[in-house]
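If you want the building blocks of each chain, they are given just below.
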Amino acid sequence: MKKLVLFLLVLDFLYSKDNLTVFGASPPATYFLYSINPKLIAGTNYAFKHKELLYLKEEMKSLPIIGGWYGQGKTPNFETLIKVNPDLVITWNYNSSFKQVNDKLNNFGFKTFEVNLNTLKDYVKVYDEIGKVLFMEDRTKLLSEYTKTKLEEIESLEKNIKEKKSVYYAEGSDGLLTECDKSVHADLIEYIGAENPHKCSNKMGFGRDRISLEQLLLYNPDLIITQEENFYKNIYKNEKLKDLKAVKNKEVYLIPSSPFSWFDRPPSFMKILGAQWLGNIVYKDIYSFNINSRVKEFYRLFLDVSLDDEEIINLLKGE
């Protein structure tokens, strides 16, 4: 009931506004807004890297950097936030601390709307919710329906898996940081029907559990995925890892990450495509669709980017 009252208050306020500006209080919220309409974004959480800007609108370079609540105690620059004065702040309800975030923003006079983007299915619902708040229901309906259709397809195909493959998510320069099997940072592994060998509870929230080399050798995964370019480039030269099944079978993959990671850090709407990519590399016979066509379709719909064949190949190689 409380969320409904807030929803109606925000709706009533925004209805009378022209040229709405919205601030995402964390990168997942900002990326989410970008997929709806980049012109909404009042400011960014950090300075975008060159690799990210390759597929983002030019105007993103000139937006003020406000900061935000994300990772290891980061907070926004309130002086800049007050100066920018967005009409609405979207907060990501990741854990209990975000009530404090909302309270602080409200005390400064900002109107807030909290979203839950913890699972892929959440995106279907939140696109619909935000579409109503921002009066962009035609746009968000397209994104919501695409997401719903693709997730239903994945869930249907996942039922055909007879033998689970293990997928290890390698983080850190040595690949010995990873995520618990139930972590939001690695949930795509189990979502597509594979097994994350690192069984544990994600007590700290941030993740990046350190394991030993011996533990990784015991896990002996069928596939390894990573966002660490140096680790990826050197893994086949690493004598300590040469006996891993994934290394022997050349089943080590660099996660695509432009403009944002398709898998993690931070989680974003790109995971909707990432789930399709991961299914396609882990179970090629089951997720047997043309991933190049999927990438082209996704970038056109969510990012307003038309890709040529070479760009798609480079994206899939993590470049």
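As shown above, the structure is provided for reference.
Treat the numbers as computed from the prediction; the structure is a model and nothing was measured.

### Quick notes on the side chain of Lys 271
Here is step 1: When you line up the elements, Lys 271 lands in helix α12 (residues 271-282).
Here is step 2: Among residues more than four places away in sequence, those in contact with Lys 271 are Leu 120, Val 184, Asp 187, Leu 188, Trp 262 and Phe 263.

### A word on the sheet that holds strand β1 (residues 22-24)
Here is step 1: Read across the open sheet, the three strands follow the order β1-β2-β3; overall the sheet is parallel. Each of the sheet's edge strands pairs with one partner strand only, and the pair in question is β1 and β3 (112-115). Sheet twist, expressed as the average angle between the axes of neighbouring strands with direction ignored, equals 25°.
Here is step 2: With three bridges joining them, β1 and strand β2 (residues 88-92) adopt parallel strand pairing. Within β2, the position partnered with Val 22 by the bridge is Leu 88.
Here is step 3: Together, β1 and β2 form the strand contacts of helix α2 (residues 27-36), whose direction differs from that of β1 by roughly 135°.
Here is step 4: Here helix α6 (residues 120-134) sits on the sheet and contacts β1, β2 and β3; the angle it forms with β3, its principal contact strand, is near 165°.

### Some words on the state of the cysteines
Here is step 1: Summed over all chains, the structure comprises one disulfide.
Here is step 2: Bridging Cys 180 to Cys 200, the disulfide has an S-S length of 2.0 Å. The S-S bond linking Cys 180 to Cys 200 shows a torsion near -110°; that makes this disulfide left-handed. On the criterion of sequence distance, the pair formed by Cys 180 in the loop between β5 (177-178) and α8 (187-191) and Cys 200 in the loop between α8 and β6 (209-210) is long-range, its members being 20 residues apart.
Here is step 3: By relative accessible area, which is 26% here, Cys 200 ends up partly exposed.

### Structural notes on the pairing of β2
Here is step 1: Most of β2 sits out of view: five of its five residues are buried.
Here is step 2: Taking every second residue as pointing to the same face, both faces of β2 are buried, with Leu 88, Ile 90 and Trp 92 on one and Val 89 and Thr 91 on the other.
Here is step 3: Sheet topology places β2 next to β3; four bridges connect them, and they run parallel. Within the sheet, the bridge partner assigned to Trp 92 lies in β3 and is Val 115.

### Observations concerning the packing of aromatic side chains
Here is step 1: For the structure on display, the rule yields 21 aromatic pairs.
Here is step 2: Measuring from ring centre to ring centre gives 5.3 Å for Tyr 46 and Phe 48, while their planes differ by 70°; the resulting arrangement is edge-to-face.
Here is step 3: Among the residues examined, Phe 48 registers a relative accessible area of 13% and is labelled buried.
Here is step 4: Taking the centre distance of 6.3 Å and the plane angle of 80° together, the rings of Phe 260 and Phe 269 count as edge-to-face.
Here is step 5: Looking at Phe 260, the relative accessible area reads 3%, which means it is buried.
Here is step 6: When the ring centre of Tyr 236 is taken as origin, the NZ or CZ atom of Lys 250, which lies over that ring, is 4.3 Å away.

Reading guide: rules and limits
Residues numbered from 1 in each chain as written. Predicted model: local features only at pLDDT ≥ 70, side-chain atom pairs only at ≥ 80, totals over all residues. Heavy atoms only, no water. Helix = DSSP H or I, 4+ residues; strand = E, 2+ residues; numbered from the N terminus. Contact = heavy atoms within 4.5 Å. Pairing = 2+ DSSP bridges. Axes fitted to C-alpha atoms, helices over the stretch in contact; angles between N-to-C directions. Disulfide = S-S within 2.5 Å. Buried < 20%, exposed > 50% of the residue type's maximum accessible area, 1.4 Å probe, protein only. Phe/Tyr/Trp six-rings, centres within 6.5 Å; stacked < 30°, edge-to-face > 60°. Lys NZ or Arg CZ within 6 Å of the ring centre and 35° of its normal.

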